[in-house]
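Residue-level listing of the chains:
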Amino acid sequence: MIHSAGDFGIAGRCDVGELSESSVFHSSLAPFPGRRYSLARMNRGRRNGNIGAVIPEEVSMAGCPCGSGSAYSKCCKPYIEGGVSAPTAEALMRSRYTAYVKGAVDYILETHHPDGREEISRDATEKWAKESEWMGLEILNLVGGGESDDKGTVEFSAKYRGADRAIVTHHELSSFEKADGCWYFKDAKMINNPQKRDNPKIGRNDPCPCGSGKKYKKCCGA
């Protein structure tokens, strides 16, 4: 594990000031009326000059890295760069994958469940995201994770080329939970020894390929 408020602006500016980072609200004045918004992400968008700007019709129509078939600007971009909270576990999974492709480390950390966020290494996450060549995401199965659910799982397969140039097929079952009305990545389980590569196995002190941000020896290699 999609839109920028800058690309989906509103007529007029929402002059609400810097709001509580823990707050969540519904707004008809946000880029996606009726959607649930995290003010932490809204504040970040406002600091970047995005929220409230009057923006012309979409220009960038490049396909979204998550493989949804939609343009990036109309898929994962509002979640990663704007103030929109992903409405489902699948949407969050796709946006987190896209964040790895884009090197959007802040978003990856923000969407990790607060209960385990302190265990995540920003440096390791950024290193893995930027040194990898991301080659595609396939969603294999969904259980729960809908807009009215509180928990859900997403089984997926992702392929990438690591810093050692070996191509890796990553097969994972990710768990997601809601906290304060927003979806977060909770935990991950590797499936069927998914690290298929033509080079030596990953080092125990290297970042875990599951994307948890932990060292391999403290995560899937434990």
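Calculation rules
- Residues numbered from 1 in each chain as written.
- Predicted model: local features only at pLDDT ≥ 70, side-chain atom pairs only at ≥ 80, totals over all residues.
- Heavy atoms only, no water.
- Pairing = 2+ DSSP bridges.
- Helix = DSSP H or I, 4+ residues; strand = E, 2+ residues; numbered from the N terminus.
- Axes fitted to C-alpha atoms, helices over the stretch in contact; angles between N-to-C directions.
- Polar contact = N/O pair within 3.5 Å; in protein donor to acceptor, adjacent residues only side chain to side chain.
- Core = buried A, V, L, I, M, F, W, Y, C linked by side-chain atoms within 4.5 Å.
- Buried < 20%, exposed > 50% of the residue type's maximum accessible area, 1.4 Å probe, protein only.
- Arc of directions from axis to C-beta.
- Contact = heavy atoms within 4.5 Å.
- Expected span 1.5 Å × (residues − 1).
- pLDDT = per-residue confidence, 0-100.
- Phe/Tyr/Trp six-rings, centres within 6.5 Å; stacked < 30°, edge-to-face > 60°.

Section: the sheet that holds strand β4 (residues 151-161)
Moving on, step 1. An order of β3-β4-β5-β6 is seen for the four strands of this open sheet, with the pairing classed as antiparallel. At either margin of the open sheet sits one strand with a lone partner, and together these are β3 (133-144) and β6 (182-190). Neighbour-to-neighbour, the strand axes of this sheet turn through a mean angle of 30°, independent of strand direction.
Moving on, step 2. Pairing between β4 and strand β5 (residues 167-179): 11 bridges, direction antiparallel. Within the sheet, the bridge partner assigned to Lys159 lies in β5 and is Thr169.

Remarks on the environment of Lys130
Moving on, step 1. By secondary structure assignment, the location of Lys130 is in helix α5 (residues 122-131).
Moving on, step 2. Taking the C-alpha atoms as reference points, Lys130 and Gly162, 32 residues apart in sequence, are found 9.7 Å from one another.
Moving on, step 3. Separated by 2.8 Å, the side chains of Lys130 and Glu126 make a polar contact.

A closer look at the nonpolar core
Moving on, step 1. Core analysis: the biggest nonpolar cluster contains 33 residues, and Cys76, Ile80, Met93, Tyr107, Leu137 and Phe176 have the highest contact counts within it.
Moving on, step 2. Counting only elements with at least two residues in this core, the list comes to α2 (77-81), α3 (89-102), α4 (105-110), α5, β3, β4, β5 and β6.
Moving on, step 3. Of all the elements, α3 adds the most residues to this core, at seven residues.

Some remarks on α5
Moving on, step 1. Turning to α5, its buried residues number three or more, namely Ala124, Thr125, Trp128 and Ala129. Buried positions in α5, seen along its axis, are confined to an arc of 125° and lie on one side of it. Opposite its buried face, α5 presents the exposed residues Asp123 and Lys130, each directed more than 90 degrees away.
Moving on, step 2. In this structure, the buried residues of α5 make contact with α3, α4, β3 and β4.

Describing α3
Moving on, step 1. Compared with the 20 Å implied by 1.5 Å per residue over 14 residues, the 20 Å span of α3 between its first and last C-alpha is a close match.
Moving on, step 2. Buried residues dominate α3, accounting for 11 of its 14 residues.
Moving on, step 3. When we look at burial in α3, the residues that qualify are Ala89, Ala91, Leu92, Met93, Arg94, Ser95, Arg96, Tyr97, Thr98, Ala99 and Tyr100.
Moving on, step 4. Taken from the residues just after α3, Gly103 is the one with a positive phi, measuring 70°.

Observations concerning the pairing of β3
Moving on, step 1. Relative to β4, β3 runs antiparallel, the two being bridged by 10 bridges. The residue of β4 that forms the bridge with Ile139 is Phe156.
Moving on, step 2. The turn joining β3 and β4, which pair antiparallel and follow one another in sequence, is formed by six residues; a positive phi near 80° is taken by Gly145.

Section: the confidence of the model for the protein chain
Moving on, step 1. Of the residues in the protein chain, 61% reach a pLDDT of 70 or more, and the chain-wide mean stands at 73.
Moving on, step 2. Averaged pLDDT values over the elements of the protein chain bottom out at 32 in strand β1 (residues 24-26) and peak at 97 in α3.
Moving on, step 3. Within the model, the stretch residues 1-60 combines pLDDT values under 50 with 146 contacts to residues more than four positions away or in other chains.

A few points about unusual backbone geometry
Moving on, step 1. A positive phi angle, near 75°, is found at Arg165, a position not held by glycine.
Moving on, step 2. Positive phi outside glycine occurs at Asp180, with the angle close to 55°.
Moving on, step 3. With respect to the helices and strands, Asp180 occurs in the loop between β5 and β6.
Moving on, step 4. Note on Asp180: relative accessible area 62%, which makes it exposed.

Some details on the environment of Gly63
Moving on, step 1. Positionally, Gly63 belongs in the loop between α1 (39-47) and α2.
Moving on, step 2. A residue is classified by how much of its surface remains accessible, and Gly63, at 59% relative accessible area, is exposed.
Moving on, step 3. Sequence separation of Gly63 and Cys75 is 12 residues, and the distance between their C-alpha atoms is 8.9 Å.
Moving on, step 4. Once residues lying within four places of it in the same chain are set aside, the contact partners of Gly63 are Ser70, Ala71 and Tyr72.

What about the packing of aromatic side chains?
Moving on, step 1. For the coordinates displayed, the defined rule picks out seven aromatic pairs.
Moving on, step 2. Here the aromatic rings of Tyr100 and Trp134 are separated by 5.6 Å at their centres, their planes lie at 50°, and the arrangement is tilted. Highlighted residues: Tyr100 in helix α3 and Trp134 in strand β3, separated in sequence by 34 residues. Each member of the pair, Tyr100 as well as Trp134, is classed as buried.
Moving on, step 3. Seen in terms of ring centroids, Trp134 and Tyr160 are 5.1 Å apart; in terms of plane orientation they differ by 40°. Their pairing is tilted. A residue pair is termed long-range when its members are at least 10 positions apart, and Trp134 in strand β3 and Tyr160 in strand β4 qualify at 26 residues.
Moving on, step 4. On the basis of relative accessibility, which here comes to 3%, the residue Tyr160 falls in the buried class.
Moving on, step 5. Through pairs of rings, three or more aromatic residues link up here, namely Tyr97, Tyr100, Trp128, Trp134 and Tyr160.

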